[in-house]
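Reading the structure
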Amino acid sequence: MLEDPLQPRRLDEASAAEIGEAIYSLACELYPICRSITGRGVRETLEILSRRIDLTRHEVPTGTALFDWTAPKEWTIRDAWIKDASGRNVLDFAASNLHVMSYSAPLHARMSLDELKKHVVTLPEQPDLIPYRTSYYAERSAFCMAHSELSALSEGEYEALIDSELADGSLSYGEHVHRGRTDQEFLLSAHICHPSLANDNCSGLALLALIARALKERETRYSYRFLFAPGTIGALAWLAANEDRLSRIAHGLVVSCVGDGGGPTYKRSRRGDAFIDRAMVHVLAHTGLKPTILDFSPYGYDERQFCSPGFDLPVGLFQRSAFGTFPEYHTSADNLDFIRPMHLQASYRMIMDAIDIVEANWTPRNLSPKGEPQLGRRGLYAAVGGDKTGVAGMMAMLWVLNLADGEHCLLNMAERSGMAFREIEKAARLLREHGLLADA
Amino acid sequence: MLEDPLQPRRLDEASAAEIGEAIYSLACELYPICRSITGRGVRETLEILSRRIDLTRHEVPTGTALFDWTAPKEWTIRDAWIKDASGRNVLDFAASNLHVMSYSAPLHARMSLDELKKHVVTLPEQPDLIPYRTSYYAERSAFCMAHSELSALSEGEYEALIDSELADGSLSYGEHVHRGRTDQEFLLSAHICHPSLANDNCSGLALLALIARALKERETRYSYRFLFAPGTIGALAWLAANEDRLSRIAHGLVVSCVGDGGGPTYKRSRRGDAFIDRAMVHVLAHTGLKPTILDFSPYGYDERQFCSPGFDLPVGLFQRSAFGTFPEYHTSADNLDFIRPMHLQASYRMIMDAIDIVEANWTPRNLSPKGEPQLGRRGLYAAVGGDKTGVAGMMAMLWVLNLADGEHCLLNMAERSGMAFREIEKAARLLREHGLLADA
Amino acid sequence: MLEDPLQPRRLDEASAAEIGEAIYSLACELYPICRSITGRGVRETLEILSRRIDLTRHEVPTGTALFDWTAPKEWTIRDAWIKDASGRNVLDFAASNLHVMSYSAPLHARMSLDELKKHVVTLPEQPDLIPYRTSYYAERSAFCMAHSELSALSEGEYEALIDSELADGSLSYGEHVHRGRTDQEFLLSAHICHPSLANDNCSGLALLALIARALKERETRYSYRFLFAPGTIGALAWLAANEDRLSRIAHGLVVSCVGDGGGPTYKRSRRGDAFIDRAMVHVLAHTGLKPTILDFSPYGYDERQFCSPGFDLPVGLFQRSAFGTFPEYHTSADNLDFIRPMHLQASYRMIMDAIDIVEANWTPRNLSPKGEPQLGRRGLYAAVGGDKTGVAGMMAMLWVLNLADGEHCLLNMAERSGMAFREIEKAARLLREHGLLADA
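The structure presented is a predicted model; accordingly, all values stated were derived computationally and were not measured.

**Overview of the overall build of chain A**
Within chain A one finds 14 helices and 18 strands. Relative to its full complement of 440 residues, chain A shows a buried share of 59%. Restricting to contacts in chain A with at least 6 residues of sequence separation, those with at least 24 account for 79%. Just so you have it, chain A exposes about 16,600 Å², and 48% of that area is on carbon and sulfur atoms. Taking the average location of the 46 positive side-chain charges in chain A and that of its 58 negative ones, the two points are 6 Å from each other.

Following this line, the structure appears as structure tokens:
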């Protein structure tokens, strides 16, 4: 038997359940940190990730030009609260870091209830949840609060404090690279700028870290680049730093919201039919779930930057429930109960399947193309073993032989036959082993 | 703000209802006239139209070669009736000009009821309606009558008169041209050969006249050519006279049956994907109605001639209910009650929207194509204003920026985003104003 | 009128019912023979066919290299039975030739019931049917039996005999060629290796023989090659013998299971859009039945060989019920009651319709392409006669004239108009007769 390019992965997935637990456990560790686009939260997060994987940390000084943007000031948040006239805390940053609008400017003032309400964002239709809000590029001081709690406040004077600071410093992001046999790269990117939101995006950060760790055990054709960067500005910083090497990005996925049981959802790259698009559509079609495949649109996560017309990289977006479509989205309900190890494990599996396709795909040429070769004489009917597996294996061999004219890669054969890539790849390996196939 | 190319139209539509009334009123004026492919009825119709718009009238002498055809004789109809033995009129041309088969040869004879019936066409399945029938290219003398009235006639002798004349003369048609900045033309054509049928095609004649009047107020990129000509032979006459200038026809619409509440219906040009096809499909998809889009077929109105293989012009057919699909079609029930100002106004709006697309379409190039430009810093989030409108405006800007690689025109962006052309065009204008777009 | 290329066929189909009966009758004659991939059964079948049509018989010596295969030994089967201890026959080859696994090696032994069962194949889920099984390329001795009969056997000793022989000899196949005006060929192929199975494939053999006989009366553009060969190895033998002439194969159909009332089913050639694919899709769409059109897959009959990547011939598969989808498939229930003259006749009609398209297709050029030519003046409205037929005829003429730009063949016009090829072809003939069309 030839080497099975999928083998190493199978080994380190010996216990799929363990992987789900490991991702969940890392997500739990990341959850409490108050991240924003800059500042200590991002660095703490990178610090935790670097205990799992080798991480190169980059610091981009405030004011650095990043295409049409500049690296923003660094945000420090120390404390925040609102006290009523009796000195009782009616809101406390210590209870939830969502209580402060992310990147909020400092504030310390006494004010009437009416005045206070101008500084508080709530969700009247989800009255018990704290909303997640940001104000990165317009300076603002604000709190976020459950609508029911705001409504319960009585008239009177309140004291409000946001002990934050916006000062020159730097923008942080982390990068991990797994070197493969070629310098063609698969980019995997997760945003690191959201505070205590479990699905969006502790799940993505943790899942990518575990994939990076798994790849360590594996010799790969592609190099894999993992990017943990704040949304928009972090992606732009990375693009600016790597502009002359972007032609190496052969495939890419932005990963977020991968811990809930919805979807799966894949949004195609701007190109629409990039290899990663076809691979993900194939993988999701074979999950047994009901995937949603979306055409590219210019709203979402950092695929917006990677797929801007000046770059047009082959990068899609992978999610379970699509952002904005689940009620927990951008609220305090996106917590550690909302994500589950089993879903994290399934999401991990889907990305790994896409990696398998990228790794194992090739374009064969049938060395006996006139009529079918006599498989029986080579023991290839037997070789694929009994019953249904055998039939699938034989069909896969017939498909591979028939399409191996040098014009069809294995993924193309899988698409055309409706069979799983894994079956097709296995058949092609067997046929090559028996001298019936060669590289096209 | 840059000039809004759609602005002038909006002004003269200040009162949409008034336009519906104005079209209806003109249709009412045209309705009583007994038109045919040649003769006084066509000239009277052109005379009425020329009170609204500048009209160039053409007269093509009988016998003039028009490709495979020749200009036919001119038809004059003065009177027609059938009298029973007692001298009582049982059919009178004065009551309805549908009573005489269009282009009927003269007749004066006494005959039995059985003999008479050979000269009368009825609609047994719509017994109270008078059919509309023609016999242009085979000489025939005949009446059209409600089946119930024919059935009520008793045995006996009848006297039948068709006081008509077929003699050398000329074929008449009218043309109005609105000059634009270029000599590329948008052809708008309506047939003028049907007698008292309101939808087919007083509605089309009146609607085009009002569009011509509206364009007068507007400086346009394209020149607009309005053709009011008898079906088939009139279109052929115009084609023969303009054969060497047909390459100027960039877009075209044949317009008929635009006063009822059905459809809307668009039949694609023979090319199938001409710009006018895409524009009309887009406009109709955004009406909120349930449009029917038909592929080209070689039966219908003058698109048959414009789309014959020797010309293959980019001309489609616009209707509300498609011809032949409504029970009033080609009967006396296609009267002034069947068409309504509100439907005429809506049809006017659809054609004007297509004109807007043709006028305002361009292909932009993103001047900041690497990542998204920072819209917030330019006040462009604010600029598009509050809430849902704001979201749509922002999405439109993101779509335009993302697709502005010089390969996509605004209509293409509208198609791909699913947004209305108007939203896309507005976003592109705003972005150009802020220096983010240039001509590709 | 120009010569009607479809006329001769209509003549010899004067009585469609007779043709169904004739095919059925020939199928009945072929049914009892015990065919396998080699041996007397194939020769007897060719003998019967050669009484209907001129047949060239080929004998390929055992051991001849056929691409990746070699011609197998010749199989002779004389007798087979199983007797119980009392000497009573519990299975007898004389009762059904399905009782012996096709190509079974000789056997003569006494054995216990348990031992015997290892040599018997049954269908537990269809207990009263004898399965059809083969073992061509792995030497094996086995019986096939109704499961109910095997279950009824009591313990005890049994004597089992398969009086067969596998010896050097030859592989036989037959070929009939109808010469047309060109040496471009239409290949029609049916497998000849199945024993007493009526639908699979006595129906196909008989139907092709009757088509060959019908073509004898007809002067054709294409040459028609009929191949009656054992599955896989026979097709390979023919391909090996004709490798340098395969470029002549312009169209091809593999024909099997054409006597039941299911389907019709057409599986496209590997090319997917070969002319034969389009012709068959068109024919089946106009049957009034609910056809199933399948994309190519590399499992089935000899299209597997013809469409292997080294040949990639434009050959599809025509069936009524698709193989493997009806319960009678590969059992003793696929008998002469399962196939019906009316279905055979309908299948014959479908193939003949495809032949008509192949024969009568051409690409016209409109000699009066500017506007519509005046059909009335040429009597062409009248020429197509009254009412609905007339309307269809006129529509067909308008379609042909409109699409006759030299880019569209008649089949393409039929596809685009949704009209039957027959109507389009008739209209084109009429228009050519009137000088309005010429060859493109």
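**Here's the deal with the relation of the copies chain B and chain C**
When chain B is brought onto chain C, the operation consists of a screw motion whose angular component is 120 degrees and whose axial shift is 0.0 Å, with 0.0 Å RMSD remaining. Such values leave the two copies arranged in the relation of a three-fold axis. Among all residues of chain B, the minimum C-alpha distance to the rotation axis is found for aspartate 273 of chain B, at 13 Å.

**Here we look at the packing of helix 2 (residues 16–30) of chain C against helix 3 (residues 40–52) of chain C**
Residues and elements named next belong to chain C. It is the contact of helix 2 with helix 3, at a shortest axis distance of 10 Å, that shows an interaxial angle of 155 degrees. The orientation of helix 2 with respect to helix 3, classified from their angle, is roughly antiparallel. Taken as a pair, helix 2 and helix 3 cross one another with a handedness that is right-handed. Of the residues in helix 3, those in contact with Ser25, Leu26, Glu29 and Leu30 of helix 2 are Thr45, Ile48, Leu49, Arg51 and Arg52.

**Digging into the environment of phenylalanine 326 of chain B**
Residue placement: phenylalanine 326 of chain B occurs in the loop between strand 16 (315–319) and helix 10 (341–360). Residue phenylalanine 326 of chain B is classed as buried on the basis of its relative accessible area, which comes to 7%.

**Some details on the nonpolar core**
Residue and element names in this part refer to chain A. Ranked by size, the top nonpolar core spans 86 residues in total, and within it Phe228 and Leu253 carry the most contacts. Here this core gets twelve residues from one element, more than from any other, and that element is helix 6 (residues 198–216). Both domains that furnish three or more residues to this core are identified here as domain 1 (7–71 + 171–360) and domain 3 (364–439). In this structure phenylalanine 228 touches Leu46, Leu49, Ile53, Leu55, Tyr173, Gly174, Ala190, Ile192, Leu205, Leu208 and Ala209, once residues within four positions along its chain are discounted.

**So, the interface of chain B and chain C**
Many analyses report the size of an interface as the accessible area lost when the parts associate. Every contact between the two is made by 18 residues of chain B and, on the other side, 21 residues of chain C. Across the chain B to chain C interface the summed buried area is about 1,700 Å²; carbon plus sulfur atoms make up 49%. Of all residues in chain B, Asp68, Arg270 and Pro298 of chain B give up the largest surface area on contact with chain C, accounting jointly for 36% of the area buried on that side. The tally of links from chain B across to chain C stands at five salt bridges. The shortest N-O distance in the salt bridge between arginine 304 of chain B and glutamate 372 of chain C comes to 2.5 Å. At the surface where chain B touches chain C, the tally comes to 14 residue pairs in polar contact (both at pLDDT 80 or more). Its residues assigned to classes, the side of chain B that touches chain C shows ten nonpolar, four polar and four charged.

**Regarding the interface of chain A and chain B**
Listed by partner, the interface residues are 18 residues for chain A and 21 residues for chain B. Counting the surface lost from both chain A and chain B, the interface buries some 1,700 Å², and carbon and sulfur atoms represent 50% of this. On the chain A side of the contact with chain B, Asp68, Arg270 and Pro298 of chain A bury the most area, a combined 36% of that side's loss. Summed over the shared surface of chain A and chain B, the number is five salt bridges. The partner of glutamate 243 of chain A in a salt bridge is lysine 370 of chain B, with the nearest N and O atoms 2.3 Å apart. For the pair chain A and chain B, the number of links is 14 residue pairs in polar contact (both at pLDDT 80 or more). Grouping the amino acids of the side of chain A that touches chain B by side-chain chemistry returns ten nonpolar, four polar and four charged.

**Quick look at the pairing of strand 5 (residues 89–92) of chain C**
In this structure, strand 4 (residues 74–83) of chain C lies alongside strand 5 of chain C, joined through three bridges in antiparallel fashion. Residue pairing across strands places isoleucine 82 of chain C opposite leucine 91 of chain C, the latter belonging to strand 5 of chain C.

**Re the sheet that holds strand 16 of chain B**
Residues and elements named next belong to chain B. Spatially, the eight strands line up as an open sheet ordered 1-10-12-11-13-16-14-15, and their pairing is mixed. Strands with a single pairing partner mark the edges of an open sheet, and in this sheet they are strand 1 (56–61) and strand 15 (292–294). Within the sheet, the average angular offset between the axes of one strand and its neighbour, ignoring direction, is 20 degrees. As judged from the five bridges shared by strand 11 (residues 185–191) and strand 13 (residues 249–255), these two strands associate in the parallel manner. Looking at the pairing, glutamate 185 lines up with isoleucine 249 of strand 13. Against the sheet, helix 6 (residues 198–215) contacts strand 10 (170–178), strand 11, strand 12 (223–229) and strand 13, and its axis sits at roughly 150 degrees relative to strand 11. Across the face of the sheet, helix 7 (residues 233–241) comes into contact with strand 1, strand 10, strand 11, strand 12 and strand 13 while running at roughly 65 degrees to strand 10.

**A short note on the domain arrangement of chain A**
Considered domain by domain, chain A is made up of domain 1 (7–71 + 171–360), domain 2 (75–167) and domain 3 (364–439). Using only C-alpha atoms to locate each centre, domain 2 of chain A and domain 3 of chain A end up separated by 64 Å.

**Focus: the state of the cysteines**
Residues and elements named next belong to chain B. Considering all chains together, one arrives at zero disulfides over all chains under this definition. The thiol sulfur of cysteine 28 is not disulfide-bonded, and the nearest other cysteine sulfur, from cysteine 202, lies at 8.8 Å. Cysteine 28 gets classed as partly exposed once you look at its relative accessible area, which sits at 25%. A relative accessible area of 1% places cysteine 202 in the buried class.

**Considering the pattern of salt bridges**
Residues and elements named next belong to chain A. Overall, the coordinates contain 96 salt bridges over all chains when judged by the stated rule. A salt bridge links arginine 110 to glutamate 159; its shortest N-O distance comes to 3.7 Å. On the criterion of sequence distance, the pair formed by arginine 110 in strand 6 (residues 107–112) and glutamate 159 in strand 9 (residues 157–167) is long-range, its members being 49 residues apart. Using a relative accessible area of 58% as the deciding quantity, one classes arginine 110 as exposed. The buried category is assigned to glutamate 159, whose relative accessible area is 16%.

**Points about the sheet that holds strand 4 of chain C**
Residue and element names in this part refer to chain C. Strand order in the open sheet formed by four strands is 5-4-9-6, and the pairing between neighbours is antiparallel. Taken across any chain shown, the strands that pair with only one partner, and hence form the sheet edges, are strand 5 and strand 6 (107–112). Taking each pair of neighbouring strands and ignoring which way they run, the sheet shows an average axis angle of 15 degrees. In this structure, strand 6 lies alongside strand 9 (residues 157–167), joined through six bridges in antiparallel fashion. Residue pairing for strand 9: methionine 111 is matched across the bridge by tyrosine 158.

**Things to note about the pairing of strand 13 (residues 249–255) of chain A**
Each regular strand displays side chains that alternate between the two surfaces of the sheet. Residue and element names in this part refer to chain A. Of all seven residues in strand 13, seven are buried, a share of seventy percent or more. The pairing of strand 13 with strand 16 (residues 315–319) spans four bridges and is parallel. The residue bridging glycine 252 from the neighbouring strand is valine 315, located in strand 16.

**What to know about the packing of aromatic side chains**
Any aromatic ring pair is given by two values, namely how distant the centres are and how the planes are angled relative to each other. Residues and elements named next belong to chain A. Counting across every chain of the model gives 36 aromatic pairs over all chains. Aromatic pair phenylalanine 326 and tyrosine 329: ring centres 5.6 Å apart, planes at 80 degrees, arrangement edge-to-face. Pairwise contacts between aromatic rings join Tyr299, Tyr301, Phe323, Phe326, Tyr329 and Phe338 into one cluster. One residue, lysine 83, lies across the ring of tryptophan 81, its end atom 4.2 Å from the ring centre. The ring centre of tryptophan 362 lies 3.9 Å from the NZ or CZ of arginine 432, which sits over that ring.

**Some remarks on helix 10 (residues 341–360) of chain A**
With 20 residues, helix 10 of chain A ought to run about 28 Å at 1.5 Å a step, and its terminal C-alpha atoms sit 28 Å apart, in line with that. Counting buried positions along helix 10 of chain A yields 16 of 20 residues, so the element is predominantly enclosed.

**Brief notes about the packing of helix 13 (residues 410–417) of chain A against helix 14 (residues 421–433) of chain A**
Residue and element names in this part refer to chain A. Two elements in contact, helix 13 and helix 14, have axes whose closest approach is 9 Å; the angle formed by their N-to-C orientations is 125 degrees. Looking at the two axes, helix 13 sits oblique to helix 14. Along this stretch, helix 13 crosses helix 14, giving a crossing that reads as right-handed. Here helix 13 contributes Leu410, Leu411, Met413, Ala414 and Ser417 to the contact with helix 14, which in turn contributes Phe421, Ile424, Glu425 and Ala428.

Cut-off values and rules
Residues numbered from 1 in each chain as written. Chains lettered and ligands numbered in written order. Predicted model: local features only at pLDDT ≥ 70, side-chain atom pairs only at ≥ 80, totals over all residues. Heavy atoms only, no water. Helix = DSSP H or I, 4+ residues; strand = E, 2+ residues; numbered from the N terminus. Buried < 20%, exposed > 50% of the residue type's maximum accessible area, 1.4 Å probe, protein only. Contact = heavy atoms within 4.5 Å. Areas by Shrake-Rupley, 256 points an atom, 1.4 Å probe, with all protein chains shown as cover. Lys, Arg positive; Asp, Glu negative; His and termini not counted. Charge placed at Lys NZ, Arg CZ, Asp CG, Glu CD. Least-squares fit on C-alpha atoms with pLDDT ≥ 70 in both. Axes fitted to C-alpha atoms, helices over the stretch in contact; angles between N-to-C directions. Parallel < 35°, antiparallel > 145°, perpendicular 65-115°, else oblique. Left-handed = near helix turned anticlockwise from the far one by under 90°. Core = buried A, V, L, I, M, F, W, Y, C linked by side-chain atoms within 4.5 Å. Domains from an automatic or database assignment. Buried area = accessible area lost by both parts, 1.4 Å probe. Salt bridge = Lys/Arg side-chain N within 4 Å of Asp/Glu carboxyl O. Polar contact = N/O pair within 3.5 Å; in protein donor to acceptor, adjacent residues only side chain to side chain. Nonpolar A, V, L, I, M, F, W, Y, C, P; charged D, E, K, R; others polar. Pairing = 2+ DSSP bridges. Disulfide = S-S within 2.5 Å. Phe/Tyr/Trp six-rings, centres within 6.5 Å; stacked < 30°, edge-to-face > 60°. Lys NZ or Arg CZ within 6 Å of the ring centre and 35° of its normal. Expected span 1.5 Å × (residues − 1).

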